[in-house]
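So you can see what is in the structure, the chains are spelled out below.
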Amino acid sequence: MLPGVGVFGTGSTARVLVPLLKAEGFEVHALWGRSEEEACCLAQELGIPFHTSRSDDVLLHQDVDLVCIYIPPSMTRQIAVKALGIGKNVVCEKAATAVDSFKMVTAARYYPQLLSIMGNTLRFLPAFVAMRRLLVEGYVGELQVCDVRVYGASLLDQSYGWTCEELMGGGGLHTVGSALIDLLSFLTGARANRVHGLLRTFVQQKGTIRGIRRVTSDDFCFFQMLMGGNGPPGAGAVCCTVTLNFNMPGSSVHEVMVVGSAGRLVARGTELYGQRNGGKGEELLLGDSGWAGPEAKEMPLPLLRGLGAMVTGLRQSFQAHQERRSWAPGPVAMAPTFEDGLYVQTVVEAVKRSSCSGEWENVEVMSQEPDPNHNLCEALQRNKS
């Protein structure tokens, strides 16, 4: 028996997610939007019987057992923690800060019987599933270098909103880079120890975003990560580079390449190619199988197809049990946990620090929530001295 679903969000992801859920047999009972008008319009369009702008109305809905949260990052932690607290399974997007992510981890640990996963769909894309399997099998030999390039159009909304504000989780690093950081950890089986990055905001005003309002979120980002390696800094570590540019009109680029001592693998879009050392050329290892799901021009194809595969995994997970809230971990074992989300957010903040300092920064995942009065105490001490 599949759980009833409540969806938070009215953006492009929600528009695609609802038809995918219905195609897999889920019933979507409730939709939340930031305004009654937004929620009403999308609910009517997608055939959802209940809509609201009050979060508790979805969380307390008697037919909702699975909550899918695709809303601005600054709001994610509050909804996710409350959902777990009242016994709902949760699939959600990233939070705005590492502190918010830590609070989500704490809630997930307190309710281990509930499903709590991050919605990074790239892990489910068949090309990356195959790439990870081939890496484990030794296709490229000893892994040495990962290189990622993602180019596309602007990520900004037409009007001023959270996508324009770095502090609210906007920008290429937080929106797209976080998914790639998680993907590289999934592929390599390692985590970043040190990072070095550069962020820029080339478009500070656009369309209706003018006057005293300026865009502070990055539209260009380049960062390096040293992953794994337990010796001296950098020794034995996998070297990763990620370049994000969202000022490019026309067709987008989504390429992930891993290079090792015996060959290389590269995922271009949804296809996987490989070449061994001494080989005559690249070979197609996994082609594009076609997409029969809903179209979404605003969502890159790798994310769209990964989302479809994740929803299939969710259906298989819940279908394995008779009770609506019970689930089997196997079909969603590759999904990132809330702990993975905390690690990713920690890397994102380290890259931001590096962009300000110009230095390599260490990645240290918090093990306890910081004192909310810490900064105030430091300021008082400085004033005394």
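Let me sum up the structure you'll find in this document.

**Overview of the overall build of the protein**
In step 1: In terms of regular secondary structure, the protein is built from ten helices and 15 strands.
In step 2: Since a compact globule built from 385 residues should have a radius of gyration of about 21 Å, the 21 Å found for the protein is in line with a globular shape.
In step 3: By its C-alpha atoms, the protein is 65 × 60 × 45 Å across when sized along the principal axes.
In step 4: The proportion of buried residues among the 385 residues of the protein is 48%.
In step 5: A separation of at least 24 residues holds for 66% of the contacts in the protein among residues at least 6 apart in sequence.
In step 6: When the accessible area of the protein is evaluated, it comes to approximately 17900 Å², of which 51% is carbon and sulfur surface.
In step 7: Averaging the locations of the 34 positively and 38 negatively charged side chains of the protein gives two centres separated by 2 Å.

**Side note on the packing of helix 7 (residues 172-188) against helix 9 (residues 338-357)**
What describes two packed helices is the angle between their axes and the distance between those same axes.
In step 1: Relative to each other, helix 7 and helix 9 sit at 120 degrees, their axes nearing to 9 Å. Of the possible angle classes, the one that applies to helix 7 and helix 9 is oblique. Here the hand of the crossing between helix 7 and helix 9 comes out right-handed. Residues Leu173, His174, Ser178, Ile181, Asp182 and Ser185 of helix 7 form the contact with helix 9, whose participating residues are Asp340, Tyr343, Val344, Gln345, Val347, Val348, Val351 and Lys352.

**Comments concerning the packing of aromatic side chains**
In step 1: Taken as a whole, this structure holds three aromatic pairs when the rule is applied.
In step 2: A ring pair is formed by Phe8 and Trp32, whose centres lie 5.7 Å apart and whose planes are at 35 degrees; its orientation type is tilted. Taken as a pair, Phe8 in strand 1 (residues 5-8) and Trp32 in strand 2 (residues 28-32) lie far apart in primary sequence, 24 residues in all.
In step 3: We classify Trp32 as buried; its relative accessible area is 6%.

**A word on the pairing of strand 14 (residues 283-286)**
In step 1: Pairing geometry for strand 13 (residues 271-276) and strand 14, over three bridges, is antiparallel. The residue bridging Leu272 from the neighbouring strand is Leu286, located in strand 14.
In step 2: The loop that links strand 13 with its antiparallel partner strand 14 comprises six residues; one of these, Gly278, has a positive phi angle of about 90 degrees.

**Focus on the sheet that holds strand 7 (residues 143-151)**
In step 1: Within the open sheet, the nine strands sit side by side as 14-13-12-11-7-10-9-8-15. Their pairing is mixed. Each edge of the open sheet carries a strand with a single partner, namely strand 14 and strand 15 (361-362).

**Side note on the sheet that holds strand 3 (residues 50-52)**
In step 1: Taken together, the six strands give an open sheet; going across it, the order is 3-2-1-4-5-6, and neighbouring strands pair in parallel fashion. Each edge of the open sheet is held by one strand with a lone partner, namely strand 3 and strand 6 (116-118). On average, each strand axis in the sheet is tilted by 15 degrees relative to the strand beside it, whichever way the strands run.
In step 2: Here strand 1 pairs with strand 2 via four bridges, running parallel. When the sheet's bridge partners are listed, Gly6 is paired in strand 2 with Ala30.

**Observations regarding the pattern of salt bridges**
In step 1: A complete count under the given rule lists 19 salt bridges for this structure.
In step 2: A salt bridge links Arg123 to Asp182; its shortest N-O distance comes to 2.8 Å. Placement of Arg123 in the loop between strand 6 and helix 6 (126-137) and of Asp182 in helix 7 is noted, with a sequence separation of 59 residues between them. The pair Arg123 / Asp182 is uniform in exposure class, with both members buried.
In step 3: Taken together, the shared-partner salt bridges in this structure form one network comprising Arg149, Glu255, Arg264, Arg268 and Glu282.

**Notes on the side chain of Glu165**
In step 1: By the secondary structure assignment, Glu165 is in the loop between strand 7 and helix 7.
In step 2: Among the polar contacts made by the side chain of Glu165, one reaches the side chain of Tyr160 at a distance of 2.3 Å.
In step 3: Excluding its chain neighbours within four sequence positions, the residues that come into contact with Glu165 are Tyr160, Gly170, Arg214, Thr216 and Ser217.

**Re helix 1 (residues 12-23)**
In step 1: Taking 1.5 Å as the rise per residue, helix 1 with twelve residues should run 16 Å; its terminal C-alpha atoms sit 17 Å apart, in good agreement.
In step 2: Within the sequence span of helix 1, burial applies to Ala14, Val16, Leu17, Val18, Leu20 and Leu21.
In step 3: Residues of helix 1 that are buried in the fold lie against strand 1, strand 2, helix 2 (36-46), strand 4 (66-69) and helix 8 (301-319).
In step 4: Downstream of helix 1 by one or two residues, Gly25 has phi in the positive range, about 100 degrees.

Rules behind the numbers
- Residues numbered from 1 in each chain as written.
- Predicted model: local features only at pLDDT ≥ 70, side-chain atom pairs only at ≥ 80, totals over all residues.
- Heavy atoms only, no water.
- Helix = DSSP H or I, 4+ residues; strand = E, 2+ residues; numbered from the N terminus.
- Rg over C-alpha atoms; globule rule 2.2 N^0.38 Å.
- Buried < 20%, exposed > 50% of the residue type's maximum accessible area, 1.4 Å probe, protein only.
- Contact = heavy atoms within 4.5 Å.
- Areas by Shrake-Rupley, 256 points an atom, 1.4 Å probe, with all protein chains shown as cover.
- Lys, Arg positive; Asp, Glu negative; His and termini not counted.
- Charge placed at Lys NZ, Arg CZ, Asp CG, Glu CD.
- Axes fitted to C-alpha atoms, helices over the stretch in contact; angles between N-to-C directions.
- Parallel < 35°, antiparallel > 145°, perpendicular 65-115°, else oblique.
- Left-handed = near helix turned anticlockwise from the far one by under 90°.
- Phe/Tyr/Trp six-rings, centres within 6.5 Å; stacked < 30°, edge-to-face > 60°.
- Pairing = 2+ DSSP bridges.
- Salt bridge = Lys/Arg side-chain N within 4 Å of Asp/Glu carboxyl O.
- Polar contact = N/O pair within 3.5 Å; in protein donor to acceptor, adjacent residues only side chain to side chain.
- Expected span 1.5 Å × (residues − 1).

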